[in-house]
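Close look at the chain arrangement
Residues per chain are reported as follows:
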Amino acid sequence: KPLFIYEGLERFDGPLLWVDADGTGLQKLNLDLGDSDLGLYFNNTETKHARNATIYVAPTKKTKDFMLLWHETLQKLNHPHKKKLTPDQPVMISLLREGKIPLKIGQLPLAYMHIFDRDTLPIEEAVIIHFQASRTAKMNQIFWEHLSGRELKAMRMSASHQKEI
């Protein structure tokens, strides 16, 4: 993820909005984070516990340096002989807490980081909704390997609605 974002910054030389593959845009984007290097939704701003399925990224030197540091850190942690990979989110959070690269971080509105079965924000207000594909990856493959991406989304939505009953 961080290397792809870095390459996008180099190629397009403008601000980017990263959205994980399980995310879907529901409304036109209208985001202004001023002079922020990054925009993240924080579950807790004091501890810098951020979600990273949607990330606003400005084309600054500090942001590019951070993306490279994040990528290099993941590469070191996820060497080829390791059986279980370290996810990118906790590594990003750890690097933000360390503060080796001082970034101006803006608060991304929840509407841009809405998790379909977790957040209380009404769906009508969501700009980007995430379906948490990582949950499927934790399931036994026999349950989902024959399904298309669209069918997997429908399955996750159905499971969510059943929980509410």
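Refer to the structure printed above.
Just so we're clear, the structure is a prediction, and the values are computed from it rather than from any experiment. (Residues numbered from 1 in each chain as written. Predicted model: local features only at pLDDT ≥ 70, side-chain atom pairs only at ≥ 80, totals over all residues. Heavy atoms only, no water.)

With that settled, consider the nonpolar core. Residues Leu38, Leu40, Ile55, Phe66, Met67, Trp70 and Met92 are the most contacted members of the largest nonpolar core, which totals 21 residues. Mapped onto this core, the elements with two or more residues apiece are helix H1 (2-12), strand E3 (38-44), strand E4 (49-57), helix H2 (61-77) and helix H3 (88-98). With 5 residues, the top contributor of residues to this core is H3. Of all hydrophobic cores here, the second largest spans 13 residues; its members include Ala53, Ala58, Ala111 and Tyr112. (Core = buried A, V, L, I, M, F, W, Y, C linked by side-chain atoms within 4.5 Å. Buried < 20%, exposed > 50% of the residue type's maximum accessible area, 1.4 Å probe, protein only. Helix = DSSP H or I, 4+ residues; strand = E, 2+ residues; numbered from the N terminus.)

This next bit is on the sheet that holds strand E5 (residues 105-107). Here 4 strands make up an open sheet; going across it, the order is E1-E4-E3-E5 and the pairing mixed. The open sheet terminates on both sides in strands that have one partner only, identified here as strand E1 (16-19) and E5. In this sheet, adjacent strand axes meet at a mean angle of 40 degrees when their direction is disregarded. Here E1 runs beside E4; their pairing, made up of 4 bridges, is antiparallel. Each residue of the ladder has a partner; that of Leu16, found in E4, is Val57. Contacts from H1 reach E1 and E4, with the element oriented near 155 degrees to E1. Against the sheet, H3 contacts E3, E4 and E5, and its axis sits at roughly 90 degrees relative to E4. (Pairing = 2+ DSSP bridges. Axes fitted to C-alpha atoms, helices over the stretch in contact; angles between N-to-C directions. Contact = heavy atoms within 4.5 Å.)

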